[in-house]
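# Inside the fold
Each chain, letter by letter, is given below.
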Amino acid sequence: MEGKDDLCTHCGNKAYLTYYYLGLNSKVKNWFRSTDFTEKMLSHWKERGHWLGKNESWPLKRELWDGQRWVDLQWFWDPDKRWPLPSLCPSCGIPISADHLSNSPNAPTGGVKIVECPECLEMYQHTIKFAYGSPLNLALIGHWDGWEPFGSSLRSCGSVEVSIANMKKEDRNHVDEVYVVGFVPSYIVPNIPVALDPFLHPLLTDICKGFIDGFEIKVQREIYIEGYELSDAETVRVLLLCWSGDHPGQCEVGKLLNQGKCACRRCKMVGQHLRDSENKHMYYGENCFHHNYPWETREMSTSLTDLYDIENETRISVRKHMSSELGFTGVSILHKYLNPLYGFDVCKHLVYDVFHTVCLNVVKNQAERLVELEMVDKSYLDKQIKYFPWPKQLKNGTVPKPIGKHKGVRQWKAEGSQKFSFPMSDCILVNHLTNPKELEIQSLVSRLTEMHFYTGRSGWTDSLIEQHRKLSWRLNILVEEVQGLEMCTISLHNLTHIHEDIIAMSGPDNYWCAVFERAVKGYTKRSSNCKGIEATFATAEAQREFLKPLEEVKKDVGKLNTEAVMYICTKNQLCFTLMPSFHSTFRSTTRGC
C-alpha cells in the first residue's frame, strides 16, 4: 500500500501502518563525524595482512575479516581493484547483477546495453559504470527480533538493527554500537510470510543505493590511511555481510519454515514423526547414517523457480503443502535485493546464534530432562547452585538460580544456562549420573559451551573447528541413541552447521545476538505514555545517534545547538527545519498489513 485509502492485497481492509525509518544515509555521515570512531571503523584495514591478496582465510579466526567471506569480498575494500556496478531496474527497483548487464546485448549506441530485468521483464538501456574499492567502505551485520515491551504478547514490538562489521569485536559488542533502523509494531502485523517485507524494504533500498551510488561523506583531516590517499569528499559504499537472529527470527527474514518436514536452511534434511504418538511435531533423526552420508546441501539457485511458484500461489492449502515439501514460504526480500548486488545467499549468510542455539535450547533441554526424570535430585541441585564457589570474573554476571519446586530450569537466562553447562555441571554431575552415556552427553554439551564462550573467544584454529564438528555430530548421534528421537530438535541439528559459519564468518562472538538482546533493555527502560511507543523509541534513538559523535573529549567537532536538538527529538511530528544535520534521519513510510 502506498496510501492510507488503498486496500490491503492480503486482507482487503482499508488500513495503514506508520513505520519510522532511520535511514542509512544519515547514519553513515554521522559515523564519520568522529575521528576516534573512524579509526575504529578502519580496524579491518589495519589488519589487511589477514585477508588482502589472500585466497584462503586466516588460520586463526578471531575477527570477522579472518573468515572466508571477507576474503571473497576483498575487492570491495581493495583500492587497486576496479569492478562493474550493478544497476537498479527503472520499473521495479530490483537490482540487476553486473554479470547480467555484461551479458546483455549491445545497443546501436556504443557502450550502451539493452537490459531485460529478470524480475519484471521490462527492457531499458544502460551504460555500465565502474568503481574502485576503498578502505572506507562499510560492511554491516543485520538483526531482527521481536520482543514484549510490557511483558505481554498483546502489545508486542520488534526492532530491525545493524552494527558495523569493520570494527573489532571488542569495540562492536556494546549496546552503544547497535543502531536501530526501525521499530515494528508487531502486535498489529498479520501472521503472513510477507509481513516483514515492507519494514525491511527501506533498509534494502538504502543498501542498494549505498552499494551502487555510495554515500558522500567528509573524512576528518586527522585520519591517515596507509596505502590510500584521502580526498576532501569521499564516497563510502555499504553492503550487508550477514544477518543474525534467533531461529524463528531468521525464518521470518529468510522466509523459511520454523519447524516441520524441511526445517534446516543449510541442508535438505527431512523430519519425521514419533511412532505411536499423538505428537504432531517433527524430529530429526538417522544421525549416524547421515554423518557418513550427509544430506544434500540446499542451494537457492536451484530452488528459485519453485520458490516463486510458492510465492505466487493463491490457494492457502496448496501453498502450505508446497512450503512443507521445500522448507520455504517464498522468496526472501534479502535474496531479491542483495543477491544480484554481490551474491548474498540466504541459505549461507543467515548465521546461527550460539546464545539461543546452545544456551537457551540444547543446555536447557538437557537440564530439564535431568530434573524431570529425577536423574539429579532437585534439592541437591539447588544446594549446589546456592553454594557453588563461583570465580570472581563469573560471579559478576548472571548465574543460575535455584529451580525450587515450581520455577524450573526455564527461568534461567542465557548466561545462567551457559555457566551451568560450564563450569558448573562438570563439577556437580560426575558422581550423580549413574548412566555413563548420559554423563557423556552432558560432557559433550559442556565441551561445546566451553569452546564457544571460553576457548574460542581467543580465536578458532582449524583443529578447533574440526573438533567442534565432530563433537556436534557425536552429540546428535548419542542423543538419538540414548534419549530417543523426541530429543532430536532442530536446535540440536543446527549445531552440526555452526562450524560452517565459523569458517565463513569467523568466531560466533562476532555476530551473536547477546549485544542486540541487551540493547532491547535500553529501549524498554525509556519513559513513554505506552501509546505509540515505536515513535517514542525511534525519536530517542535518533537523538542518541546524533549526539554520540559529540561525546569525544578534547576534540573540536563543532558546536551543538542543544535547544534545537531537544526540540526536534521530543516532538512526535518531527520538524527538520531547525537542524539541517538531522535531515533524512527519519523517514515515515506507509505500508499495508
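Going by the structure above, here's the rest.
This report concerns the structure included in the present document. (Residues numbered from 1 in each chain as written. Predicted model: local features only at pLDDT ≥ 70, side-chain atom pairs only at ≥ 80, totals over all residues. Heavy atoms only, no water.)

## Here we look at unusual backbone geometry
Put simply, the rule reads: For helices the rule is a DSSP run of H or I covering at least 4 residues; for strands it is a run of E covering at least 2, with both sets numbered from the N terminus onward. Per-residue accessibility, obtained with a 1.4 Å probe over protein chains only, is compared with the maximum for each type, and a residue is labelled buried under 20%, exposed over 50%, and partly exposed between these values.
Pro423 follows Phe422 through a cis peptide bond whose omega is 15°. By the element assignment, Pro423 lies in helix H17 (residues 414–428). Positioned with a positive phi, Leu121 is a non-glycine residue whose angle comes to about 65°. With respect to the secondary-structure elements, Leu121 resides in the loop between strand E5 (112–116) and strand E6 (123–127). For Leu121, a relative accessible area of 54% gives the class exposed. Within the chain, Glu286 stands out as a residue other than glycine whose phi angle is a positive 55°. Of note, Glu286 is situated in the loop between helix H8 (247–254) and helix H9 (287–292). Residue Glu286 is classed as partly exposed on the basis of its relative accessible area, which comes to 43%.

## Overview of the pairing of E5
Counted only if it meets this: DSSP-based pairing: two strands are paired if at least 2 bridges between them are found.
As paired elements, E5 and E6 share 5 bridges and run antiparallel to each other. Each residue of the ladder has a partner; that of Glu116, found in E6, is Met123. Taking the residues that link successive antiparallel strands as the turn, the E5-E6 hairpin has 6 residues, and the phi of Leu121 there is positive, at about 65°.

## With respect to a positive patch on the surface
For clarity, the cut-off: Exposure above 30% relative accessible area and the lack of any salt bridge qualify a residue for a patch; like charges then connect within 9 Å, and the nonpolar side chains Val, Leu, Ile, Met, Phe, Trp and Tyr within 5 Å. Only the protein chains shown count as cover for residues, and all accessible areas are computed by the Shrake-Rupley method using a 1.4 Å probe. Salt bridges are defined by distance alone: a side-chain nitrogen of Lys or Arg within 4 Å of a carboxyl oxygen of Asp or Glu. None of His or the chain ends enter the tally, which takes Lys and Arg as positive and Asp and Glu as negative. Charge positions are represented by NZ for Lys, CZ for Arg, CG for Asp and CD for Glu.
A cluster of basic side chains, namely Lys401, Lys407, Lys413, Arg518, Lys521 and Lys525, defines a positive patch on the protein surface. Looking at the element boundaries, Arg518 is found in helix H22 (residues 514–524). Residue Arg518 is classed as partly exposed on the basis of its relative accessible area, which comes to 41%.

## With respect to the packing of aromatic side chains
Condition: Stacked, tilted and edge-to-face pairs are distinguished by plane angle, under 30 degrees for stacked and over 60 for edge-to-face with tilted covering the rest, among Phe, Tyr and Trp rings (Trp via its six-membered ring) whose centres lie within 6.5 Å. Whether a charge sits over a ring depends on NZ of Lys or CZ of Arg being within 6 Å of the ring centre and within 35 degrees of the ring normal.
Evaluated as defined, the whole model comprises 28 aromatic pairs. Where Phe76 meets Trp83, the ring centres are 6.1 Å apart and the plane angle is 40°; that geometry is what we call tilted. Pairing Phe211 with Tyr342 gives two aromatic rings, centres 5.6 Å apart and planes at 35°, and the pair type is tilted. In this pair, Phe211 sits in helix H7 (residues 197–212) while Tyr342 sits in helix H12 (residues 333–342), placing the two residues 131 residues apart along the sequence. Residue classification places Phe211 among the buried residues on the basis of a relative accessible area of 0%. The cationic tip of Arg33 hangs over the ring face of Phe546; the distance from NZ or CZ to the ring centre is 4.8 Å. A cation over an aromatic ring shows up here: Arg265 above the ring of Tyr352, its NZ or CZ 4.1 Å from the ring centre.

## Looking at the layout of surface pockets
Worth spelling out the cut-off: We place a 1 Å grid over just the protein atoms. Points where a 1.4 Å probe fits but has no way out form a cavity, open points with protein on both sides within 12 Å along at least 5 of 7 lines form a pocket, and any residue with an atom within 4 Å of a point lines it. Grid points are joined across faces, edges and corners, and a volume is the space filled by probe spheres set on the points. Note on residue classes: Ala, Val, Leu, Ile, Met, Phe, Trp, Tyr, Cys and Pro are nonpolar, Asp, Glu, Lys and Arg are charged, and everything else, Gly too, is polar.
Reported here for the largest pocket is a volume of approximately 1,300 Å³. Lining the largest pocket are 50 residues, with Phe355, Ala414, Glu415, Ala514 and Glu517 positioned closest to its centre. Taken together, the elements giving at least two residues each to the lining of the largest pocket come down to strand E8 (138–147), helix H6 (169–172), H8, helix H14 (354–372), helix H16 (392–395), H17, helix H20 (490–494) and H22. A breakdown of the residues in the lining of the largest pocket according to their chemical character gives 16 nonpolar, 17 polar and 17 charged.

## Comments concerning the side chain of Ser425
The line we're drawing: Any N or O atom pair separated by 3.5 Å or less is treated as a polar contact, with the protein-specific requirement of one donor-capable and one acceptor-capable atom, and with residues adjacent in sequence counted only for side-chain atom pairs. Any pair of residues with heavy atoms lying within 4.5 Å of one another is described as a contacting pair.
With respect to the helices, strands and loops of the structure, Ser425 is situated in helix H17. Taking relative accessible area as the criterion, Ser425 reaches 5% and is therefore assigned buried. A polar contact of 2.9 Å, which involves the side chain of Ser425, links it to the side chain of Ser446. Not counting residues within four places of it along the chain, the set of residues in contact with Ser425 comprises Phe420, Val430 and Ser446.

## Here we look at the environment of Gly245
Mapping Gly245 onto the fold places it in the loop between strand E13 (238–244) and H8. Beyond its immediate sequence surroundings of up to four residues, Gly245 is in contact with His143, Trp144, Gln250, Val351, Asp353 and Cys513.

## With respect to the nonpolar core
Going by this rule: Among buried residues, those of type Ala, Val, Leu, Ile, Met, Phe, Trp, Tyr and Cys that are joined through side-chain atoms within 4.5 Å constitute a nonpolar core.
Counting residues in hydrophobic clusters, the biggest one holds 82 residues, and the most contacted among them are Trp243, Leu334 and Leu338. With 8 residues, the single largest contributor to this core is H7. Leu334 has contacts with Leu200, Leu204, Leu240, Trp243, Val253, Asn339, Phe344, Val346 and Leu350, leaving out every residue within four places of it along the chain. Listed in part, the 57 residues of the second largest apolar core include Val362, Ile428, Met451 and Ile465.

## Here's the deal with the packing of H14 against H17
Applied cut-off: Note on definitions: angles span 0 to 180 degrees between N-to-C directions of axes, and those axes are lines fitted to C-alpha atoms, for helices only across the stretch in contact. Each angle receives one of four descriptions, namely roughly parallel if under 35 degrees, roughly antiparallel if over 145, roughly perpendicular if within 65 to 115, and oblique otherwise. Here a crossing is called left-handed whenever its near helix is offset anticlockwise from the far helix by less than a right angle, and right-handed whenever the offset is clockwise.
As a packed pair, H14 and H17 sit with axes 9 Å apart at the nearest point and diverge in direction by 60°. By the angle class used here, H14 and H17 are oblique. Between H14 and H17 lies a crossing of left-handed hand. Residues Phe355, Cys359, Leu360, Val363, Lys364 and Ala367 of H14 touch H17, and the partners they reach there are Ala414, Glu415, Ser417, Gln418, Phe420 and Ser421.

## Things to note about the environment of Ala535
Positionally, Ala535 belongs in helix H23 (residues 533–547). A relative accessible area of 9% means that Ala535 is categorised as buried. Along the sequence, Ala535 and Thr18 sit 517 residues apart, while their C-alpha atoms lie 9.0 Å from each other.

## Things to note about the pairing of strand E9 (residues 157–164)
Note on strand geometry: in a regular strand, side chains alternate between the two faces of the sheet. Across the 8 residues that make up E9, a large majority, 8, are buried. Residues Cys157, Ser159, Glu161 and Ser163 line one face of E9 and the alternating positions Gly158, Val160, Val162 and Ile164 line the opposite face, and both faces are buried. In this structure, E9 lies alongside strand E10 (residues 179–184), joined through 5 bridges in antiparallel fashion. Pairing of Glu161 across the sheet is with Val180, part of E10.

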